[in-house]
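Architecture and fold: a report
Listed below are the residues making up each chain.
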Amino acid sequence: MRALLIAALFLFAVAALFAGQATAHANLVSADPHDAAVLPGSPARIVLRFSEAVTPLVARLIHPDGRTEVLSAPAVEGSSVVYAAPGFGRGTYVLSWRVTSSDGHPIGGGQTFSIGEASTTAARPDPSADGSVHLGLWASRFALTLSIAFGLGSVFFYRFCGIAPDPRLRRALIVLLSVGLTAAPAVIAFQGLDALGEPMSAIGKTETWSAGLHATSYGRATLLAVFGVTSAALALAGPAAVQRHWAFVAFLFAGLSFATAGHAAAASPRFLTTPAVFLHALSLIAWFGAFIPLADVLARRQEGVARQALTSFSNMILPVIFALSASGFFLAAIQLERMSALWTTDYGFTLMAKLGVAAFLFLLAAVNRFLLTGPALAGGSPARKRLRRSIQAEIALSVAVVAILGLWRFMPPPRALAAAASPTATILPRSGGLEARLTLTPARVGRAAVSAEGFRLDGKVFVPLSVTIELSKPSHGIGPFSREAAKQGERFAAEGFVLPLDGFWVVRVTVLVEDFQSIVLTDIFDVQAAVRREIHSPHQAQSRNSIFQG
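Since the model is a prediction, treat every value here as computed from it, not as a measurement.

1. Quick look at the overall build of the protein
Secondary structure summary: the protein contains 14 helices and 20 strands in total. Burial statistics for the protein: of 550 residues in total, 51% are counted as buried. In the protein, once contacts between residues fewer than 6 apart in sequence are set aside, the share between residues at least 24 apart is 69%. Accessible surface computed for the protein: about 24000 Å², of which carbon and sulfur atoms make up 62%.

2. Focus: the packing of aromatic side chains
Considering all chains together, one arrives at 16 aromatic pairs under this definition. An angle of 90 degrees between the planes, with centres 4.9 Å apart, marks the rings of Phe 88 and Tyr 93 as edge-to-face. In this pair, the class of Phe 88 matches that of Tyr 93, namely buried. Geometrically, the ring pair formed by Phe 156 and Phe 160 is stacked, given 5.9 Å between the ring centres and 25 degrees between the ring planes. Placement of the pair is Phe 156 and Phe 160 together in helix H2 (residues 131-161), with a separation of four residues, close to one helical turn.

3. Thoughts on the side chain of Thr 208
As for its position among the elements, Thr 208 is in helix H4 (residues 206-215). The class of Thr 208 is buried, set by a relative accessible area of 1%. A distance of 2.8 Å separates a polar atom in the side chain of Thr 208 from the backbone oxygen of Ala 202. Excluding its chain neighbours within four sequence positions, the residues that come into contact with Thr 208 are Ala 189, Gly 192, Leu 193, Leu 196, Ala 202 and Ile 203.

4. Regarding unusual backbone geometry
With an omega of 5 degrees, the peptide bond running from Asp 32 to Pro 33 counts as cis. Note that Pro 33 resides in the loop between strand S1 (28-32) and strand S2 (37-39). Residue Pro 442 is bonded to the preceding Thr 441 through a cis peptide linkage, with omega at -15 degrees. Relative to the assigned elements, Pro 442 resides in the loop between strand S12 (434-441) and strand S13 (446-457).

5. Describing the pattern of salt bridges
Enumeration according to the criterion identifies six salt bridges in this entry. In this structure, the salt-bridge partner of Arg 45 is Glu 77, at a minimum N-O distance of 3.7 Å. Taken together, the residues span a long stretch of sequence, with Arg 45 in strand S3 (residues 45-50) and Glu 77 in strand S6 (residues 75-77) at a distance of 32 residues. Accessibility expressed as a relative area gives 39% for Arg 45, which makes it partly exposed. The exposure class of Glu 77 is partly exposed, given its relative accessible area of 42%. One salt bridge connects Asp 166 with Arg 168, and the closest N-O pair in it is separated by 3.6 Å. Overall, the relative accessible area of 21% leaves Asp 166 in the partly exposed class.

6. Quick look at the environment of Ala 267
If you trace the backbone, Ala 267 turns up in the loop between helix H6 (243-259) and helix H7 (270-288). C-alpha of Ala 267 to C-alpha of Gln 335: the two residues are 68 residues apart in sequence and 7.7 Å apart in space. Aside from chain neighbours lying at most four places away, what touches Ala 267 is Thr 273, Ile 334, Gln 335 and Arg 415.

7. Description of the sheet that holds strand S9 (residues 106-115)
One open sheet accounts for five strands, arranged S2-S9-S8-S4-S5; its pairing is mixed. Because the sheet does not close on itself, it has two edges, and the strands there are S2 and strand S5 (68-70). The sheet shows a mean angle of 25 degrees between the axes of neighbouring strands, taken without regard to direction. Bridge count between strand S4 (residues 55-62) and strand S8 (residues 91-100): seven bridges; the pairing is antiparallel. Within the sheet, the bridge partner assigned to Ala 59 lies in S8 and is Trp 97.

8. Focus: the nonpolar core
Among the nonpolar cores identified, the biggest contains 73 residues, and Phe 157, Trp 287, Phe 288 and Leu 294 are the most heavily contacted of them. With 14 residues, H2 is the single largest residue contributor to this core. Residue contacts for Leu 294: discarding those within four places in its chain leaves Phe 157, Ala 309, Leu 310, Phe 313 and Ile 391. Of all hydrophobic cores here, the second largest spans 30 residues; its members include Val 450, Val 467, Phe 492 and Val 509.

9. Remarks on the sheet that holds S3
Read across the sheet, four strands follow the order S1-S3-S7-S6 without closing on themselves; strand pairing throughout is antiparallel. For this open sheet the edge positions go to S1 and S6, each flanked by a neighbour on one side alone. Adjacent strand axes in the sheet meet at a mean angle of 20 degrees, parallel and antiparallel pairs treated alike. In terms of strand pairing, S3 meets strand S7 (residues 80-84) through five bridges, oriented antiparallel. Each residue of the ladder has a partner; that of Arg 49, found in S7, is Ser 80.

10. Structural notes on the pairing of strand S20 (residues 517-527)
Here strand S19 (residues 503-514) pairs with S20 via eleven bridges, running antiparallel. Bridge pairing in S20 places Val 507 opposite Asp 523. Count of turn residues in the S19/S20 antiparallel hairpin: two residues.

11. A look at a nonpolar patch on the surface
Side chains of Met 339, Trp 343, Phe 349 and Met 352 sit close together on the surface and give an oily, nonpolar patch of about 450 Å² of accessible area. Relative to the helices and strands, Trp 343 is located in helix H10 (residues 341-344).

12. Comments concerning the side chain of Ser 312
For Ser 312, the position within the fold is in helix H9 (residues 303-336). With a relative accessible area of 18%, Ser 312 lands in the buried category. At a separation of 2.9 Å, a polar atom in the side chain of Ser 312 contacts the main-chain carbonyl oxygen of Gln 308.

13. Re helix H8 (residues 291-299)
Counting buried residues in H8 gives eight out of nine residues, a clear majority hidden from the surface. Where H8 is concerned, the buried positions are Phe 291, Ile 292, Pro 293, Leu 294, Ala 295, Asp 296, Val 297 and Leu 298. Looking at the packing, one finds that the buried side of H8 touches H2, helix H3 (167-196), H7, H9, helix H11 (346-377) and helix H12 (381-405).

Conventions we followed
- Residues numbered from 1 in each chain as written.
- Predicted model: local features only at pLDDT ≥ 70, side-chain atom pairs only at ≥ 80, totals over all residues.
- Heavy atoms only, no water.
- Helix = DSSP H or I, 4+ residues; strand = E, 2+ residues; numbered from the N terminus.
- Buried < 20%, exposed > 50% of the residue type's maximum accessible area, 1.4 Å probe, protein only.
- Contact = heavy atoms within 4.5 Å.
- Areas by Shrake-Rupley, 256 points an atom, 1.4 Å probe, with all protein chains shown as cover.
- Phe/Tyr/Trp six-rings, centres within 6.5 Å; stacked < 30°, edge-to-face > 60°.
- Polar contact = N/O pair within 3.5 Å; in protein donor to acceptor, adjacent residues only side chain to side chain.
- Salt bridge = Lys/Arg side-chain N within 4 Å of Asp/Glu carboxyl O.
- Pairing = 2+ DSSP bridges.
- Axes fitted to C-alpha atoms, helices over the stretch in contact; angles between N-to-C directions.
- Core = buried A, V, L, I, M, F, W, Y, C linked by side-chain atoms within 4.5 Å.
- Patch = residues over 30% accessible without salt bridge, like charges linked within 9 Å, V, L, I, M, F, W, Y side chains within 5 Å.

Here is the structure:
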């Protein structure tokens, strides 16, 4: 209980260290040239604007003759990635790009544009990674997670209870920890391949390893996991005086490795989700890590050791299960956003599979705790055999849980799909000493709303007397559509706009700064085409709009 209390204090340190503003996933807000554009001449540069700051990975340009060119290192300007335009001829070009969002996941997409006129060109590239890369990434992460949950977790439980493992089991734990250390480089390599969208043949490239280690938050998470597994090895084989300390260090760093990357850890509000992932991971490791030691001590003919381990486990399991369940339900609510996502998304199906296996685990845990532990503590040999067989069943089910958890790496959560289905475009116009932040939601053909906030006049925070917003598309003689913006707290919002066409729309915001003085802010929103009606599933819509890959 003292160790759990220190862990609880540590998670607040984690919150302070890793909390920050983060969105579900970075979305492509606009591109210049925009998708399907036909330009009279060559563009001076290629600009990709995202909903948040991203780290560029790679961009490939497919020429009309099918030749592929990797664009040179881009410039990053805020949330925009800018590539120097290569030489263009007439015809249609396909741009395929990959970046890393704030949650560490690689995001890919692509668009076409034509110079002079459209022409026959290579098919739009499929930004999905090689299937063998995905399989290798899942397998390597599965091996590393097993090493943490059962190898590191077992060491922590032994040292937590103050007992020593059987010599044969001690050797088996060393092998299990070694599996994790061996899997870690494979995780980095496959993460690099996935981030760059490269096939298995590129695994030996320096760029692949650099991307796997530095381009995403998974590189840092893997290094933390390696430090945790190494600490567990020291707790198992190091000097007796510091074994317990190393076990606790290993336990904390294992939780930290899960809390620094992934869908849930990067969800908003991050000051809550990051500690929740940390607590969820610690609870899972504490629970799964007890299975092998308990099976070990029940097989021995040492009454005192078995009683000590069973008593320690009985005292800790209820608060551990409570912490695991509470943090799990909180994270699921954040990720799903709506109940129907359980049966309408791949993420939801995977969550239900995990919950189904977990239900059996909870049932076995209840049977063990309330029906089998008492007789086993009383010293009955048949009762201990039944308890040991039940624990072996728990080990098999917990391995299945770890295997299912690895599938989430390839599935965007419903909150990210919802953000992708309703993209927003944000611009920062300035004029006459006045600046503001304008947001179009959704930035897509159909009904939309525009909000204005963050007004500053001559560098100082400013509250307008009134705000009027106009949208027009002069190139097609459409508009302007004008709405009086309603004040909603610190922002002004105008709803009811209907945008019949995609492409560039001019926004004019008339801001009344004094009774007889107004300033007009003018800028451009890039509006996407409507989602095609034949798209029925969120996965299809996400794939078409190139929001998330890998």
